[in-house]
Amino acid sequence: MTKESVRAFLAAQAPDIAIIDQGASTATVAQAAATLGVEPGRIAKTLSVRIGRQIVLIVTRGDARLCNRKTKSALGDRPRMVPAEDVAKLTGHPVGGVCPFGLATPLPVFCDLSLKAFDEVYPAAGSPTSSVRITPDRLAALARASWIDVCLDVIETR
Amino acid sequence: MARMTPATRTLDAAGVPYTLHEYVYAPGDGAVGLQAADALGESPACVFKTLMALADDKPVCAIVPSDATVAMKRLATALGARAARMMPPADAERLTGYHIGGISPFGQKRRVPIAIDASAMAQSHIYLNGGRRGLQLRLVPADAVRALAAIVAPLV
């Protein structure tokens, strides 16, 4: 049901982008990285957080963590995670498949600058086994997103 | 700079990217947003008007598409109030420090709760009043939400 909303969104806005579905799980960053054969950082994870009374989506590289202080300075308040059942209701996507496309309710979307370390990244596509490959700038443009700096610096381990 | 307004100063200070668009403002023509959309050659759906209202008698700000009418009940609900009504123009001018026709949601004299219609999130860019008659700001909707700490909700 929900992969269909992403498919419809992409068909209308970016018909050249194909949904990758390999049947195996891409629900967590580690699983997605293994399934797609890319480094975890390239998995673009979409976090649903509450800032004050407003729910927003923040897309970050897979191995990055939100920094409370930077989030407060960029968005005005500390980020609080949204309960999983609310995420499904608000985005229309099941946890593990949340992406900033084809949303059930219009939400403001922010992309963390950390994504720009890569030429291409892999956000989910509305289900726990699907994703798309996309440049960070295209991702932000399609999601009507604004670029912000809210993650802790990623320490490269290799 | 002649183009500087409290709105542009607020955006500059917050590091929010925007562009300025000027048009010839026709006084007394009523629908400021619609006139701006027409003058800029943009769809009214992406040119938003800024309205000052009272929600449970407290000042608030509503941002809706220029061709739409704000649903007062929805505005009240979005801001956690029971009822809302329009603010008299003279009060809006005094409270915001802007003139009617040039009321921007940014850089108002006093910070008030702000709600923006959810339809803005589907636009690649939106236009908002720049704080002077005949001046519009073009920016990414999520940037407007961030800079205003606005609540996103259906308001029309």
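The structure under discussion appears in the preceding block.
Residues numbered from 1 in each chain as written. Chains lettered and ligands numbered in written order. Predicted model: local features only at pLDDT ≥ 70, side-chain atom pairs only at ≥ 80, totals over all residues. Heavy atoms only, no water.

### Notes on the overall build of chain A
Item 1. Of the regular secondary structure elements, chain A holds five helices and eight strands.
Item 2. Ordered by position from N to C terminus, the α and β elements of chain A give α-β-α-β-β-α-β-α-β-β-β-α-β.
Item 3. Relative to the compact-globule value of 15 Å for 158 residues, chain A shows a C-alpha radius of gyration of 14 Å, a close match.
Item 4. Out of the 158 residues belonging to chain A, those deemed buried represent 51%.
Item 5. In chain A, the proportion of contacts linking residues at least 24 apart, taken out of those at least 6 apart, comes to 64%.
Item 6. Accessible area of chain A: about 7300 Å², with a carbon and sulfur share of 53%.
Item 7. For chain A, the distance from the average position of its 19 positive side-chain charges to the average position of its 15 negative side-chain charges is 5 Å. (Helix = DSSP H or I, 4+ residues; strand = E, 2+ residues; numbered from the N terminus. Rg over C-alpha atoms; globule rule 2.2 N^0.38 Å. Buried < 20%, exposed > 50% of the residue type's maximum accessible area, 1.4 Å probe, protein only. Contact = heavy atoms within 4.5 Å. Areas by Shrake-Rupley, 256 points an atom, 1.4 Å probe, with all protein chains shown as cover. Lys, Arg positive; Asp, Glu negative; His and termini not counted. Charge placed at Lys NZ, Arg CZ, Asp CG, Glu CD.)

### Points about the overall build of chain B
Item 1. When you go through chain B residue by residue, the secondary structure sums to five helices and eight strands.
Item 2. Listing each helix as α and each strand as β along chain B from the N terminus yields α-β-α-β-β-α-β-α-β-β-β-α-β.
Item 3. Taken over C-alpha atoms, the radius of gyration comes to 14 Å for chain B, in line with the 15 Å a tight globule of 156 residues would show.
Item 4. Counting only C-alpha atoms, chain B reaches 40 × 35 × 30 Å along its principal axes.
Item 5. Within the span of chain B, comprising 156 residues, buried residues form 53% of the whole.
Item 6. Taking the contacts inside chain B whose residues are at least 6 apart along the sequence as the reference set, 63% of them involve residues at least 24 apart.
Item 7. If you sum the accessible surface of chain B, you get close to 6800 Å²; carbon and sulfur atoms cover 55% of it.
Item 8. Here chain B contributes 16 positive and 12 negative side-chain charges, whose respective centroids are spaced 7 Å apart.

### Considerations on the pairing of strand 5 (residues 109-112) of chain A
Residue and element names in this part refer to chain A.
Item 1. The two faces of strand 5 match: Val109 and Cys111 on one face and Phe110 and Asp112 on the other face are all buried.
Item 2. Two elements, strand 3 (residues 54-61) and strand 5, share three bridges in a ladder whose sense is parallel. Each residue of the ladder has a partner; that of Val59, found in strand 5, is Cys111.
Item 3. Bridging between strand 5 and strand 8 (residues 146-148) involves three bridges; their strand directions are parallel. Each bridged residue has a counterpart across the sheet, and for Cys111 the counterpart in strand 8 is Trp147. (Pairing = 2+ DSSP bridges.)

### A short note on the interface of chain A and chain B
Item 1. Contact with chain A, which involves 14 residues of that partner, is made by 17 residues of chain B.
Item 2. Around 1100 Å² of area is buried between chain A and chain B when both sides are counted, 60% of it from carbon and sulfur atoms.
Item 3. Among the residues of chain A in contact with chain B, A:Arg53, A:Gln54 and A:Arg144 are the three that bury the most area, contributing 48% of the side total.
Item 4. In this structure, the connection of chain A to chain B is made through zero salt bridges.
Item 5. Of all elements in the fold, only helix 3 (68-75), strand 5 and strand 8 of chain A reach the threshold of two or more residues within the side of chain A that touches chain B. (Buried area = accessible area lost by both parts, 1.4 Å probe. Salt bridge = Lys/Arg side-chain N within 4 Å of Asp/Glu carboxyl O.)

### So, the layout of surface pockets
Item 1. Estimates place the volume of the largest pocket at around 480 Å³.
Item 2. Every residue lining the largest pocket is counted, 28 residues in all, and those nearest its centre are B:Pro113, B:Ile114, B:Ala149, B:Ala150 and B:Ile151.
Item 3. Among the secondary structure elements, those contributing two or more residues to the lining of the largest pocket are strand 3 of chain A together with strand 3 (58-65) and helix 5 (141-148) of chain B.
Item 4. Tallied by class, residues from the lining of the largest pocket come to 17 nonpolar, four polar and seven charged. (1 Å grid on protein atoms, 1.4 Å probe; cavity = no way out; pocket = protein on both sides within 12 Å on 5 of 7 lines; lining within 4 Å. Points joined across faces, edges and corners; volume = space filled by probe spheres on them. Nonpolar A, V, L, I, M, F, W, Y, C, P; charged D, E, K, R; others polar.)

### Comments concerning unusual backbone geometry
Item 1. Not every positive phi belongs to a glycine, and A:Arg144 is a case in point at roughly 55°.
Item 2. In this fold, A:Arg144 is placed in the loop between helix 5 (136-142) and strand 8.
Item 3. For B:Ala149, which is not glycine, the phi dihedral falls at a positive 50°.
Item 4. Position of B:Ala149 relative to the elements: it lies in the loop between helix 5 and strand 8 (151-153).

### Overview of the sheet that holds strand 8 of chain B
Residue and element names in this part refer to chain B.
Item 1. Strand order across the open sheet formed by five strands is 4-2-3-5-8, with mixed pairing between neighbours. Looking at the sheet topology across the chains shown, the edges are occupied by strand 4 (84-86) and strand 8. For this sheet, the mean inter-axis angle between neighbouring strands, taken without regard to orientation, is 35°.
Item 2. Both strand 2 (residues 48-55) and strand 4 contribute to a ladder of three bridges, which runs antiparallel. By the bridge assignment for strand 4, Ala53 is matched with Met86. (Axes fitted to C-alpha atoms, helices over the stretch in contact; angles between N-to-C directions.)

Fair warning: the whole summary comes from geometry, so function is off the table for now.
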